[in-house]
Amino acid sequence: MMLKLAFLLGVLVCGSQATLQVSISLNKVELSVGESKFFICTAIGEPKRLEWFNPQGERIASSKRMALHTESSRSRLIIYNAIIEDAGIYRCQATDANGHTEEASVVLEIYQRLTFRDVQSPQEFRHGETAEVVCDVISSPVPLVVWYYQDREIMEERHSRFLVLANNNLQIQQVTKADEGVYRCEASVEARGEIDFVDIAVVVNVPPVLSVFQQSFNATADYQESVTFTCITSGSPDPEVTWHRKGQKLEPSEKYMFNRMEGGRSMLTIRNIRQNDGGSYTCKASNKAGSQERELFLKVFVPPHITQLKNVTAVEGGAAMISCVADGEPLPDISWKRASDGQTFVDGDKSHGGRFEVRGRHGKSVLTISGVRLSDLGRFDCEALSRIGGHQKSMFLDIEHIPKFLTNHTIFYSWEGNPVNISCDVMSNPPATMLWRRERFTISAEGTANIRVHAAEGKSVLEVTPMSDRDFGRYNCTARNNIGMRYQEFILAQADVPSNPYSVRLSAVSQRLATVTFMKPDSHGGVPISYYLVQYKEFGLQDWRDVKSHSIQTTVVLMGLEPNTTYEVRVAAVNGKGQGEFSHTEAFQTLPIREPSPPAVHGQRGMGKAYRLGLVKQDDGGMPIVEYIVKYKTDKEEQWMTKLVPGANDFAILQPLQWNTRYEVEITARNVKGLSEPTFYQFFMPQEPDITESLFSGLGLGTVVGLGLGALLLLLVVVDVSCFFLRHCGLLMCITRTLCSKKTATSGKGKDMEEGKAAYLKLPLKEENGKESLKPDTIEIKVHSDNSILTKPDDSRA
């Protein structure tokens, strides 16, 4: 608002004092708000002081906004950044030494220029709300404001959504994205012809719209699986998408990966799914216009996992409770299996006479065993199973029990000076401590002179060396653990020698051998029998000969006997204590010398036209076989061929034989007493083989290969010699030329060629057939019809 003040300057009538005069450089000033101005007051005469007064009549003191600079007859008033309230009449007053005053005044008018105050651009509004676009403009006098949009003046029409308010702001009802753009606010002051404008960008923010393709997901934990959630957003400005779980914003990590794609797609990938990743996740889209969120769900299926299963210790006869806890999604079914026999137990089972019972609930199963037995000891398997998978763990059921003695062998035998170990074997859990007692006295661990205690796991051995009758008798072994105590009594008895064997029999008696059999004695004397002593002698003689049995066998063979001789035999048993009594004496007679038994024969084809007969000696009649008489002929001949084979030999070679012919053989064994009955044998010689087969049938692969290489070498030598003589070339020709190179070309070569040929033809030829003279071991006898005998060396060793 502009203030106009008009003051009438009076004329001072001073009379006799007209010498003091005051004047101001300006008498009327127009100043716009914010401008600065100064005024100079000048006094003529001899002023003592010069002072300024504001429009309110108050003396002006120098300040930051109104400064005074006063000299003897001159004073300057400066007004900085003028405001409306500064308008009015300012007076400058001069006072002389007599107190006479004179003053001058100036009128200051202040007006407001056209000014836009703090107009913001852009101005943002939410879609659908009533927007008020602010255009704060001031001036004095009040300005006229006009709004423009897209170069067109906004007119106030009926039912129009646009309205210019009294405060010059533009109101837009139910603003939309289509109303977005640049608006011009133009202000003018007609009195001064002043006009100005400001452009304001209007932005309409649209709240986010959020949607999801899939709201729930399934995954299996602990299989390195990943799940990706997708949110689709729209809005203006583009919404910021954040992901939240349990009220906490998720940040990128190895677990969570975020991705933003075109089309407003925002994705959250959850990697390496675990059980605790299941639940709800929130996708939140936010911008200046608002926010929206949607909830997504992850269902995590967890393979069964047994989290609690411990070994259990129970007391025999008591009860055992074995607990197995498993988790998983869905919760698994739990079953039990006993490893010893594969028996299974499931929820609700009550088996084995009601001793086993299973109860389960919410992932926990309890197997209760009543009346625990030692047979229940061992491993039990807990198996958790669901449609996702299974998991198995094992535990061990340990059973504590009172000591149990493992042997019923409670009687031990010994004799004075012979140490014996009395073993007290105990099974107990926990391990038992064992003590030995003798007639109410405890035997210390250190023992005595002839008694020692040896401890080992699960046993205690009492070593007793009896010195007198007092050391024999009863000994007590006591075993104790925290479950209970038991004892076992042992008896140390004096051992004796065995009783005599009985039922002595002789069998398989021959000229040189006899087999003795007998029955074990009724008593071994408390000490195991070590062996049996068999004594025999010729009837009528005094000296017995000893033969020990092999270990505790009850059969002994007597060898080296004389034929046709009567012998006596007896048997005694020997144990650690000593030798027992002899049995009743039995007599037997060896057989006299006689002819041998017929030999056994087996045959096989030899090499070429030979046949090999194997000779197996049977009973030699008490004397060595001197020879075998082998007679053989074809089945179409009457005449026999005969071979004499030494008795030490076990085969005879018949050769040469005829191909494709059947032969008959008679074999007789002879000792000094005479001939055995003959043994008859037949064999058939096959057809004559092919010549190649005959040639190489007796040769091995190496021999055949050697012969082939030799033949090839011989062929190469023949070819080289032929080339030498016929075509004057070859290896031999090269050697000859080298040796004779210094001789004349014609006569020398011809002579050397002839000499070389002669030398080659005189090379000795050596034939080796590899045969060796054979020393005949037998004689072949050919019997003719006139009983004459033809002999020739036998080649049976060939």
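Residues numbered from 1 in each chain as written. Predicted model: local features only at pLDDT ≥ 70, side-chain atom pairs only at ≥ 80, totals over all residues. Heavy atoms only, no water.

Visitor: Quick rundown of the packing of aromatic side chains? Include the residues and the values.
Guide: Applying the stated criterion across every chain, the model contains twelve aromatic pairs. Taken together, the aromatic side chains of Phe217, Phe229, Trp243 and Tyr281 make up a single cluster linked through ring pairs. Lying across the ring of Phe197, Arg184 places its NZ or CZ 3.8 Å from the centre. The ring of Phe651 carries the charged tip of Arg612 above its face, separated from the ring centre by 4.2 Å. (Phe/Tyr/Trp six-rings, centres within 6.5 Å; stacked < 30°, edge-to-face > 60°. Lys NZ or Arg CZ within 6 Å of the ring centre and 35° of its normal.)

Visitor: Just give me the short version of the state of the cysteines, but keep the residues and values in it.
Guide: For the coordinates displayed, the defined rule picks out five disulfides. Between the sulfur atoms of Cys41 and its disulfide mate Cys92 the distance is 1.8 Å. What sets the handedness of the Cys41 and Cys92 disulfide is the S-S torsion sign, and at about -85 degrees it is left-handed. Placement of the pair is Cys41 in strand E3 (residues 37-44) and Cys92 in strand E7 (residues 88-96), with a sequence separation of 51 residues. Residue Cys41 shares its accessibility class with Cys92, and that shared class is buried. (Disulfide = S-S within 2.5 Å. Helix = DSSP H or I, 4+ residues; strand = E, 2+ residues; numbered from the N terminus. Buried < 20%, exposed > 50% of the residue type's maximum accessible area, 1.4 Å probe, protein only.)

Visitor: Now, about the environment of Ala43: what can you tell me, with residues and values included?
Guide: Within the element layout of this structure, Ala43 appears in strand E3. Owing to a relative accessible area of 6%, Ala43 belongs among the buried residues under this scheme. Spatially, the C-alpha atom of Ala43 lies 8.9 Å from that of Gln93, the residues being 50 residues apart in sequence. The residues contacting Ala43, other than those within four sequence positions of it, are Gln21, Val22, Leu50, Ser73 and Ala94. (Contact = heavy atoms within 4.5 Å.)

Visitor: Can you break down the sheet that holds strand E6 (residues 74-79) residue by residue, with the values?
Guide: Pairing is antiparallel across the open sheet formed by four strands, whose spatial order is E1-E3-E6-E5. Looking at which strands have only one partner, the edges of the open sheet turn out to be strand E1 (21-24) and strand E5 (66-70). In this sheet, neighbouring strand axes are inclined to one another by 15 degrees on average, regardless of whether the strands run parallel or antiparallel. Bridging between E3 and E6 involves six bridges; their strand directions are antiparallel. The residue bridging Lys37 from the neighbouring strand is Ile79, located in E6. (Pairing = 2+ DSSP bridges. Axes fitted to C-alpha atoms, helices over the stretch in contact; angles between N-to-C directions.)

By themselves these figures say nothing about function.
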